[in-house]
Every structure is written in structure tokens, then in C-alpha cells.
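# Remarks on the overall topology
Here is how the chains run, residue by residue.
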Amino acid sequence: MKVAIIAANGGMFDAYKVFNIATAAAATDAEVGIFFTFEGLNLIHKEAHKQLPLPAGKEHFQEGFQKANVPPVEQLVEMAQEMGVKMIACQMTMDVMTLEKEEFVDGIDVGGAASFLHFASDANVTLTF
């Protein structure tokens, strides 16, 4: 199976959606690729992914994540990398936001939409968060 994910939003809930699906798919030996664009780049930014915002009024979820032993986003990023999830940062968005590859977690690729479309062209599942 092949799973293609577009991460265009950059909050805490978005990170859990993206990385839970990605790691679950990778655990079933699926080939997984995530294309990070616009606010989604926060999910792989070296500093931003450590302090992602929860939606207003949902702060109580932080305690729930801890009680349920849900790993922090930083750990989920590492797990995804260890499981071979391909992570592509959008070059156009990086250019617009004046971001450099060094600002992101190690091991990511940088590419344009065409790179992701090539990956996703034969995906069995395509998701957007």
C-alpha cells in the first residue's frame, strides 16, 4: 500500500492527525509520504513543532494526551523518520516564507508540488490535513 498525505495546517491537532496516520500506515509496511506546505511546515520545523498551539478552549486536551500516554509531537516526528516515512517540505512555501532547510528537522527532503505529485500518482490513499 502507498499513502500520500498533505499537511497544510500547523496546530497540535493537525500534527497528531498527520503523524498518527503516517506512523500507523508505516507500521503496516505501507510506503508513506507527507508533503508539508504553508502552516504545515510548523510540524517539521525544529522549534515550532515543540510548541504547537492547541485550539482555543481545548487546552484540557494536553492533560488527556499525557494520561493516555500519547507521545509528544517531537517523538512522533522521530518515530515517523525511523519508520521510513518520506517527508517533503514545499520549496515554494519555504521561498515565500524565507525559510531554509536547516530550520527543519534533519532527514527531510525539499521539493515542489511536482515531486509530491509524482509520489502520490499511484497512492492507494491520499489525505489532506
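Cut-offs used in this document
- Residues numbered from 1 in each chain as written.
- Predicted model: local features only at pLDDT ≥ 70, side-chain atom pairs only at ≥ 80, totals over all residues.
- Heavy atoms only, no water.
- 1 Å grid on protein atoms, 1.4 Å probe; cavity = no way out; pocket = protein on both sides within 12 Å on 5 of 7 lines; lining within 4 Å.
- Points joined across faces, edges and corners; volume = space filled by probe spheres on them.
- Helix = DSSP H or I, 4+ residues; strand = E, 2+ residues; numbered from the N terminus.
- Nonpolar A, V, L, I, M, F, W, Y, C, P; charged D, E, K, R; others polar.
- Pairing = 2+ DSSP bridges.
- Axes fitted to C-alpha atoms, helices over the stretch in contact; angles between N-to-C directions.
- Contact = heavy atoms within 4.5 Å.
- Buried < 20%, exposed > 50% of the residue type's maximum accessible area, 1.4 Å probe, protein only.
- Right-handed = clockwise from strand over helix to strand, strands pointing away.

The next thing to look at is the layout of surface pockets. Computed from the structure, the largest pocket encloses a volume of approximately 150 Å³. Forming the boundary of the largest pocket are 13 residues, of which Met12, Tyr16, Gln62, Pro72 and Val73 lie nearest the centre. Residue assignment for the lining of the largest pocket shows that the elements contributing at least two residues are helix H1 (12-27), helix H2 (61-67) and helix H3 (73-82). Its residues assigned to classes, the lining of the largest pocket shows seven nonpolar, four polar and two charged.

Right, let's talk about the sheet that holds strand S2 (residues 31-36) for a bit. On the basis of which strands lie adjacent, the open sheet formed by five strands has the order S4-S3-S2-S1-S5 and parallel pairing. Only two strands of the sheet have a single neighbouring strand rather than two, namely strand S4 (109-111) and strand S5 (125-128). This sheet shows a mean twist of 20° between the axes of neighbouring strands, independent of strand direction. The pairing of strand S1 (residues 2-7) with S2 spans six bridges and is parallel. When the bridges of S2 are listed, alanine 4 appears paired with glycine 33. Relative to the sheet, H1 contacts S1, S2, strand S3 (86-90) and S5, its axis offset from that of S2 by approximately 160°.

Here we come to the pairing of S3. Of all five residues making up S3, four are buried, and the element is well covered by its neighbours. Here S2 runs beside S3; their pairing, made up of four bridges, is parallel. Bridge pairing links phenylalanine 35 to isoleucine 88 in S3. Taken together, the three bridges between S3 and S4 define a ladder with parallel strand orientation. Bridged to isoleucine 88 within S4 is aspartate 109. With helix H4 (residues 91-96) bridging S3 and its parallel neighbour S4, the resulting β-α-β unit is right-handed.

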